[in-house]
Amino acid sequence: MDRLKAIFTPPKKADEAEYQPLTDDNDTGTLEGSTYTVDDGEIEEVPFSWAEYCIFVLLGVAMLWSWNMFLAAAPYFQKRFASDPWVLENFQSAITSTFTFTTLAAMLVLTNIQSTASYPFRISTGLLINTFVFATMAFTTKYFLGISPGAYLAVMLVLVCLSAWSVGLIQNGALAYAGSFGRVEYTQAIMAGQGVAGVLPAIAQIFSVLFVAAPPPPNPASSGEAEPAAAPTSNAAGIYFLTAVLVSLLALASFFPLVRRHNTLIEHRMAARLAESITSVEEAERAARRYVSIPRLFRKLPFVSGAVFMCMLVAMFFPVFTSKILSVHHGGGDDGRLSAPGVFIPLGFFFWNLGDLLGRMGAALPLWGLRDRPAALFAFAVARTLFLPLYLLCNIRGRGAVVDSDLFYLLVVQFPFGLTNGWLCSAAMMSAGEWVDDSEREAAGGFMGLALVTGLTVGSLLSFTAAGI
């Protein structure tokens, strides 16, 4: 019993006595209207700013907006792939696997490049890549409609790769950047922004289908010339993808003030210690940073990183099931617009992501003290696998549901599954910085991002087992 209690008892946090002060005693500075003092060798905590919090939220939105755009656009892709049964069956798993593999590769490379890393460059480059990707996706909704499903899937997977690489850049940069401020609220802001990124694309897809009129059907060609059948499309898809362009540009514009704020913070932190040798803010930042190997970080964060890994692994099954579950009223006499697949499938994504968003927001609350118990977080992550059998009770492919209720699917399966995902992932990410030294926080942020992406990658591979259900 004592051993069992010890597992769920939080380990000893990093000893504050081991921390080295970044400035000398009795040094005082000003940080954009707030004092930044050193008293008895301890640095005063960086003051919280709602403006900075909102910028990190927006970075979190931009970070996962592209991922959720590809997921919520499932009805549009189903139309484009309708003439090829194999592509139609496997495109969702192909998208998730390509996205997660590329993001994992990016995170592995970026996590091992710490000392010379320029996080602002990574973030801004990622946002620009996303802008290009979704401008191209919007372009393909109006042109090249006659290409084969296989060719369109190949083009789309190339764009998915680019978008995934951009997510790796933004995620690695933003989590490390938030860690350098030393405030867990900013990490929670990124996680909350990721939750928003799940909700809004689904809303955009629903509204684009409900309120943007589809084009009239094409007239039969008067000539006997055979032309490839183009997938039916409308302005809705183009508008939907253009929203991702606007989000990326907005995040990029708001990021520049945060860079100036961070540069000022670094200047004040390093002025006393490196005043004689420092020549730039970037040099000061790199001088304060030291390389921390992945094995060392794993030894310090085994349960926390494991919780994030399992959380993301289990979550990867929800897109495959959600894209196949239809309303129990679809095809019946009371069939309405909300029951149509083009609306109901994004509605399923909306409820999961709404729960995910609320869970991420609620992670700021020390619920049951689990945030301080890494082993308990990991056990909770494993227990979430119990949600997966519940999908088998729903109306998969319109074959009928064991529980004949859309509310059961939306409120009992999707919403709680997303809620637990958001809370657990955010709580684990926030607690990571508490178990490492100050100088390791940036590296810990990147490592936790790596654990998250690794879970997504393994989960996307396992999701192929559910593709044929």
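Residues numbered from 1 in each chain as written. Predicted model: local features only at pLDDT ≥ 70, side-chain atom pairs only at ≥ 80, totals over all residues. Heavy atoms only, no water.

If you look the chain up in an unreviewed UniProt entry, it shows as Nucleoside transporter from Coniochaeta hoffmannii. As recorded by UniProt, the Sequence similarities (unreviewed entry) comment attached to the chain reads in full: "Belongs to the SLC29A/ENT transporter (TC 2.A.57) family." Under the heading Subcellular location (unreviewed entry), UniProt records this for the chain: "Membrane". (UniProt positions renumbered as here; feature names shortened; annotations may be inferred.)

A.B. asks: Sorry, what's going on with the pattern of salt bridges here?
C.D. replies: In a structure, side chains of opposite charge can pair up when their charged atoms sit close to one another. Under the definition given, this model contains 2 salt bridges. A salt bridge links Arg397 to Glu89, with the shortest nitrogen-to-oxygen separation between them at 2.6 Å. With a gap of 308 residues between them, Arg397 in the loop between α14 (374-383) and α15 (406-432) and Glu89 in helix α4 (residues 85-111) connect regions that are remote in the sequence. Exposure remark for Glu89: the relative accessible area of 27% places this residue in the partly exposed category. Asp356 is the salt-bridge partner of Arg360, the closest N and O atoms lying 2.7 Å from each other. Here the residue Arg360 and the residue Asp356 both occupy positions in helix α13 (residues 341-362), the gap between them amounting to 4 residues, near one helical turn. Each member of the pair, Arg360 as well as Asp356, is classed as buried. (Salt bridge = Lys/Arg side-chain N within 4 Å of Asp/Glu carboxyl O. Helix = DSSP H or I, 4+ residues; strand = E, 2+ residues; numbered from the N terminus. Buried < 20%, exposed > 50% of the residue type's maximum accessible area, 1.4 Å probe, protein only.)

A.B. asks: For this particular structure, what's the right way to read the side chain of Asp406?
C.D. replies: Structurally, Asp406 is set in helix α15. Among buried Asp, Glu, Lys and Arg side chains, Asp406 stands out as unpaired, with Arg399 the closest opposite charge at 15 Å. Each residue touching Asp406, except ones within four places of it in the same chain, is listed here: Leu326, Ser327, Val328, His329 and Phe344. (Lys, Arg positive; Asp, Glu negative; His and termini not counted. Contact = heavy atoms within 4.5 Å.)

A.B. asks: How should I be thinking about the packing of aromatic side chains in this particular structure?
C.D. replies: Where two aromatic rings form a pair, the distance of their centres and the angle of their planes describe that pair. Summed over the entire model, instances satisfying the criterion amount to 23 aromatic pairs. Judged by centre distance (4.7 Å) and plane angle (25°), the ring pair of Phe139 and Tyr143 falls under stacked. Residue Tyr143 is classed as partly exposed on the basis of its relative accessible area, which comes to 48%. Plain terms: the ring middles of Phe318 and Trp352 are 3.9 Å apart, the flat faces sit at 5° to each other, and that makes the pair stacked. Of this pair, Phe318 sits in helix α12 (residues 317-322) while Trp352 sits in helix α13; the two residues are 34 residues apart in sequence, bridging distant segments of the chain. Judged by its relative accessible area of 3%, Phe318 is buried. Taking relative accessible area as the criterion, Trp352 reaches 4% and is therefore assigned buried. (Phe/Tyr/Trp six-rings, centres within 6.5 Å; stacked < 30°, edge-to-face > 60°.)

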